[in-house]
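As a plain string of letters, each chain reads:
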Amino acid sequence: MKITVIGAGNVGATAAQRIAEKELANEVVLVDIVEGVPQGKGLDMYESAPVEGFDTMVTGTNSYDATAGSDIVVITAGIPRKPGMSRDDLLNTNAGIIKSVTEQVAAKSPNTILIVVSNPLDVMVHVAQKVSGFPRNRVIGMAGVLDTARFRSFIAMELKVSVEDITSLILGGHGDSMVPLARYTSVAGIPLTELMSQDKIDAIVKRAQNGGIEIVNFLKTGSAFYAPSSAAVQMVESIVKDKKRILPCAVMLNGEYGIKDTVVGVPVKLGRSGMEQILEIKLTLEENAALKKSADEVKLNMDKVKF
Ligand code: APR
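Peer 1: Can you walk me through the site of the ligand in this structure?
Peer 2: Of all residues adjacent to the ligand, which total 19 residues, the nearest are Asn10, Val11, Asp32, Thr76 and Asn119. Measuring from an oxygen atom of the ligand, one finds a backbone N or O atom of Asn10 at 2.9 Å. With the chains in place, 86% of the 730 Å² that the ligand exposes on its own is no longer accessible. Of all the secondary-structure elements, those providing two or more residues to the shell around the ligand are α1 (10-21) and α4 (91-108). Of the residues belonging to the shell around the ligand, the class tally is 10 nonpolar, 8 polar and 1 charged.

Peer 1: Explain the side chain of Ser109 to me, please; I cannot follow it from the model alone.
Peer 2: By the element assignment, Ser109 lies in the loop between α4 and β5 (113-116). Excluding residues within four positions of it along the chain, Ser109 makes contact with Thr67, Ala68, Gly69, Ser70 and Phe134.

Peer 1: Looking at this structure, how should I read the side chain of Thr102?
Peer 2: Turning to its location among the elements, Thr102 is positioned in helix α4. When its relative accessible area of 1% is taken as the criterion, Thr102 is described as buried. Here the side chain of Thr102 touches Ile98 through a polar contact of 2.6 Å, landing on its backbone oxygen.

Peer 1: What is the right way to read the pairing of strand β12 (residues 245-254) from this model?
Peer 2: Side-chain direction in a regular strand flips from residue to residue, so the side chains alternate between the two faces of the sheet. The buried count for β12 comes to 7 of 10 residues, which makes it a mostly enclosed element. The sheet contact formed by β12 and strand β13 (residues 260-271) spans 10 bridges and is antiparallel. Residue pairing in the sheet places Pro248 in a bridge with Pro267 of β13.

Peer 1: Would you mind showing me how to read the environment of Ser229 here?
Peer 2: One can find Ser229 in helix α10 (residues 226-240). Residues Ser229 and Asp242, 13 residues apart in the sequence, show an inter-C-alpha distance of 20 Å. The contacts of Ser229, once residues within four sequence positions are left out, are Val11, Thr14, Ala15 and Arg18. For Ser229, the side chain forms a polar contact with the main-chain oxygen of Phe225, separated by 2.7 Å.

Cut-offs and rules
- Residues numbered from 1 in each chain as written.
- Predicted model: local features only at pLDDT ≥ 70, side-chain atom pairs only at ≥ 80, totals over all residues.
- Heavy atoms only, no water.
- Near = heavy atom within 4 Å.
- Polar contact = N/O pair within 3.5 Å; in protein donor to acceptor, adjacent residues only side chain to side chain.
- Areas by Shrake-Rupley, 256 points an atom, 1.4 Å probe, with all protein chains shown as cover.
- Helix = DSSP H or I, 4+ residues; strand = E, 2+ residues; numbered from the N terminus.
- Nonpolar A, V, L, I, M, F, W, Y, C, P; charged D, E, K, R; others polar.
- Contact = heavy atoms within 4.5 Å.
- Buried < 20%, exposed > 50% of the residue type's maximum accessible area, 1.4 Å probe, protein only.
- Pairing = 2+ DSSP bridges.

In structure tokens, the structure reads:
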């Protein structure tokens, strides 16, 4: 198993570290355009192997030669948000970066599975799919796992229970219009609605929707990376181990949920061949309208983006 991570910045380097420490691959290749950074971080990471006790080889490079034959490529290259910026402000800059990265990745690893992390996420999945020409099951965006992780953390803080007992589902685009489904959220099987007032649930939903900007406002010089890298690596793990986990991920829809030619977050099954199934669940009229609205917002940017 060979995994490449493109972008040796905050998200990329942390993702590579988590992959290595979990020994999800024999080899991790870290790529960046900045000379020295991937080499330095890769070597530093590998020098932690004797202490941490992992045998994953980690190397860094500025060229794509060493990425050839990767089973999975995690794309984190791009610029992150600064305070006052929305994910959409990154649109054309990151689209250009994703285009160039994807072309080079696809040329060296034509059978790889792409996990896209760069923002604005849903549009970047579309760019990566168009440029690579890969089928949709091999171009998957990381958003829902992060958004649900935030939602679950806030619920755990509020109820003072273990995060492990909380399962949840968030649909839609990775932005303010994401659709957290309180009805499909439970604590050890108990519906959230039994444990929390609607007002409290609404407040937590709002905080999850603004979870990214909350961190940006603290950091000021970058955006979140611990939780985003964890989320991406959970997707990697489900694919590597063929676990067939059901995780909310951004994929191109072909009529599912009544949505066509648009990338949005929906529950999917992740296994060795990538996205193996889209699960279509029953939504209320209200939830359905919120999902449509979110998809329309993504579609607008998909039509607008230049690459
Ligand atoms: N090829 C390879 N790497 C590139 C390229 C490129 N064409 N362009 C930029 N990079 C690298 C940068 O040099 C930098 O090291 O991508 C890295 C991005 O790292 P950070 O600036 O630390 O950003 P990070 O917090 O990791 O976020 C990356 O993920 O969560 C999203 O919104 C976030 O789009 C952003 C991406």
